[in-house]
Amino acid sequence: MKVTAIEVFPVKSLTRPWLYCAVRTDEGITGYSEFGVGDLAKGLAGLVEDLSRHIVGKDPRSVEQHYTNMVRSSRSSYGGATWMAIAGIELALWDVKGKAMGVPVHELVGGPTRSEQKVYWSHLISYQSSNYEALGREPIRNYDDIKALGRQARDAGYDTMKTNIQIPGDPFRTISHGTTGPHDQVLTRELQNAAVRQISAMREEAGQDAHICLDVNVNFKAEAQIRLGQALEPYDLMWMEIDNLDAESLRMVKDATRTPICSGEQKLGPLNYLELLQNRSMDFMKLDVQWQGFIPARRAANMAELFDINVAPHNYNSHLSNFQTMNLCASVNNVRISESDPVQAPWREELFTVLPEINNGMMKIPTGPGWGTDLREDMAKKYAWTG
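Predicted, not measured: the structure shown is a model, and the values here were computed from it.

(A) Structural context of the sheet that holds strand 3 (residues 30-34). Read from one edge of the open sheet, three strands run 1-2-3, paired in antiparallel fashion. Of all strands in the sheet, those with a lone pairing partner are strand 1 (3-11) and strand 3, marking the two edges. Going from strand to strand, the sheet's axes swing by 15° on average, the running direction of each strand aside. Along the sheet, helix 3 (residues 80-101) makes contact with strand 1, strand 2 (18-25) and strand 3, crossing strand 3 at roughly 140°.

Right, here's the structure in full:
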C-alpha cells in the first residue's frame, strides 16, 4: 500500500472553520482526520502540503515512523502550527491503518478500556449568546434565559455543563478568547459580579448534584484568576478552566482557592506538560487530540497518570473530532470527563457517514474501523470555507 495524495478540506462552522485532512492510497483506502485551529486555515493547509513530501509514495501503515520523521524534519520550526499540521497527517494515517486492518484505532494500541465515556455539554450559553442568528434562536437577554439553557441540558441527560462568562446587556455578550476579553487581562468588579451572578443562576437551576465548569480562557492575570476562583467557591464548581502557560503562577492560583483548576489545552507534546505536572499546577489536565495528534496526546495522558492526574480532553469541533477523542479515551485509563458540543452549526450532521451515539451524557466508544466515521467529501465541498 502506498500514499498517493494528501488533501485538506476547510469547512464552515459557527465560528472559525473546521479543518479535515484526507490521505489517499493506491488500494482505495482514504484516511480522514480533523485537526488544528481554523484561525490558521490557510497556513495549516500549506504546512500539510509541505509535510506531505515525507509521506506520499510511502506505506501509510508505519504511523510511528512517519510521525517521528515529520517532527525531526521540522525541528527548525518546532511546535505550534507545524505540530498541528503534523497531527492532521498522523491522525489520517491512523484511520488508514485501522481501516486496512478492520479494527478501531483504539484496538491498535491495546483498547478498549471502556465502552462509553462521560461527556459534558460545552459552550452552554456561549454559542447561543454569540451565534443565535445562525442557530435560528432568540438571544440571551436575562438570567431566566440562562436558567432555561441549564434546564435544556439537564432535560437532555447531561449533569455536567461548561460555559464562558456572559456580560449582561441586550443581548448578553460572551467573553471567550483573548480578542473578546479585557485587553490588559484585568478582572474588573463588573466582570467579577457578572461571573458570580451567572454561576449563581446556573447553580440555582441545575441543583447541587450538577457539575458546572467555567472557562475563563486567557482573559485574566494570575491575581485576577485567584480573586475569581475565591469568589466562586460557594458555588462548588467542578473546575475553573484557565489557559495559563506558566506553571508557577498557575500553582499559585491553585494554592489560593478551593475552586479546582483545569489547564493545559495549549500544550502540544508530552514534554511541554512536564513543568505543569511536576509543579502540581492543576487538578485536571486538558489535552487536545486534534491539535497535537494521537501519538503525543496519548503519551501526555500516560504521563499525567504517573503524576496521579486525570485528563479532560479538549474537544469542541465537529463529529470527527468526537470520534478521534473517543478513541483516545478508549486507549487510556485516566479520563475524568470529555468535552462535547451538542449544539453546533446545523449542517454538522450532514458531513459524516456515522454520527456519535450519546445517551444521558455518555458517548459510546466507536467500534467501526479506523476512527469509526468518514468525512462526506461532497458535503465538505458544499459547505467549504473560502475565507
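Read on for the rest.
(B) Broad picture of the packing of aromatic side chains. In this structure the tally under the stated criterion is 10 aromatic pairs. Note on W121 and Y158: the rings are 5.3 Å apart at their centroids and 75° apart in plane angle, and the pair reads as edge-to-face. Here W121 is found in strand 4 (residues 116-121), whereas its partner Y158 is found in the loop between helix 6 (143-155) and strand 5 (160-167), with 37 residues between them in sequence. Across this residue pair, the class does not change: W121 and Y158 are buried. Consider the rings of W239 and F284, whose centres lie 5.5 Å apart with planes at 50°: the pair is tilted. On the criterion of sequence distance, the pair formed by W239 in strand 8 (residues 239-242) and F284 in strand 10 (residues 284-287) is long-range, its members being 45 residues apart. For W239, a relative accessible area of 0% gives the class buried. The structure contains a cluster of three or more aromatic residues connected by ring pairs, namely W94, F294 and W371.

(C) Region of interest: the pattern of salt bridges. The final tally for this structure, using the stated rule, is 24 salt bridges. Between E7 and R24 there is a salt bridge, and its shortest N-O distance comes to 2.8 Å. You can see E7 sitting in strand 1 and its partner R24 sitting in strand 2, a full 17 residues away along the chain. On the basis of relative accessible area, E7 is assigned to the partly exposed category, the value being 33%. Between R16 and D39 there is a salt bridge, with the nearest N and O atoms lying 2.7 Å from each other. Taken together, the residues span a long stretch of sequence, with R16 in the loop between strand 1 and strand 2 and D39 in the loop between strand 3 and helix 1 (41-51) at a distance of 23 residues. For D39, a relative accessible area of 56% translates into the label exposed. One continuous salt-bridge network, built from bridges that share partners, spans K162, D215, E241, K286 and E339.

(D) Spatial organisation of helix 12 (residues 294-306). End to end, helix 12 covers 19 Å across 13 residues, agreeing with the expected 18 Å (1.5 Å per residue, within 8%). All of the buried residues in helix 12 are F294, I295, P296, A297, A300, A301, M303 and A304. Once helix 12 ends, the next one or two residues include D308, with phi positive near 60°.

(E) View of the packing of helix 2 (residues 63-73) against helix 12. For the pair helix 2 and helix 12, the least separation of the axes is 10 Å and the interaxial angle reads 95°. If you check the angle between helix 2 and helix 12, you find them roughly perpendicular. Where helix 2 abuts helix 12, its residues V63, E64 and Y67 lie against I295, P296 and R299. Among the residues making up the contact of helix 2 with helix 12, the classes are represented as four nonpolar, no polar and two charged.

(F) Local environment of the side chain of Q324. Looking at the element boundaries, Q324 is found in helix 13 (residues 319-329). On the basis of relative accessibility, which here comes to 0%, the residue Q324 falls in the buried class. Not counting residues up to four positions away in its chain, the partners in contact with Q324 are Y32, S33, E34, L91, V289, Q290 and W371.

(G) Spotlight on the packing of helix 2 against helix 3. Between helix 2 and helix 3, the shortest axis-to-axis distance is 10 Å and the interhelical angle comes to 170°. Considering the angle they form, helix 2 stands roughly antiparallel to helix 3. Contacts between helix 2 and helix 3 involve V63, H66, Y67, M70 and V71 from the former and W83, I86, I89, E90, L93, W94 and K97 from the latter. Classifying every residue of the contact of helix 2 with helix 3 gives nine nonpolar, one polar and two charged.

Scoring rules and cut-offs
- Residues numbered from 1 in each chain as written.
- Predicted model: local features only at pLDDT ≥ 70, side-chain atom pairs only at ≥ 80, totals over all residues.
- Heavy atoms only, no water.
- Pairing = 2+ DSSP bridges.
- Helix = DSSP H or I, 4+ residues; strand = E, 2+ residues; numbered from the N terminus.
- Axes fitted to C-alpha atoms, helices over the stretch in contact; angles between N-to-C directions.
- Contact = heavy atoms within 4.5 Å.
- Phe/Tyr/Trp six-rings, centres within 6.5 Å; stacked < 30°, edge-to-face > 60°.
- Buried < 20%, exposed > 50% of the residue type's maximum accessible area, 1.4 Å probe, protein only.
- Salt bridge = Lys/Arg side-chain N within 4 Å of Asp/Glu carboxyl O.
- Expected span 1.5 Å × (residues − 1).
- Parallel < 35°, antiparallel > 145°, perpendicular 65-115°, else oblique.
- Nonpolar A, V, L, I, M, F, W, Y, C, P; charged D, E, K, R; others polar.

Geometry only, nothing functional implied.
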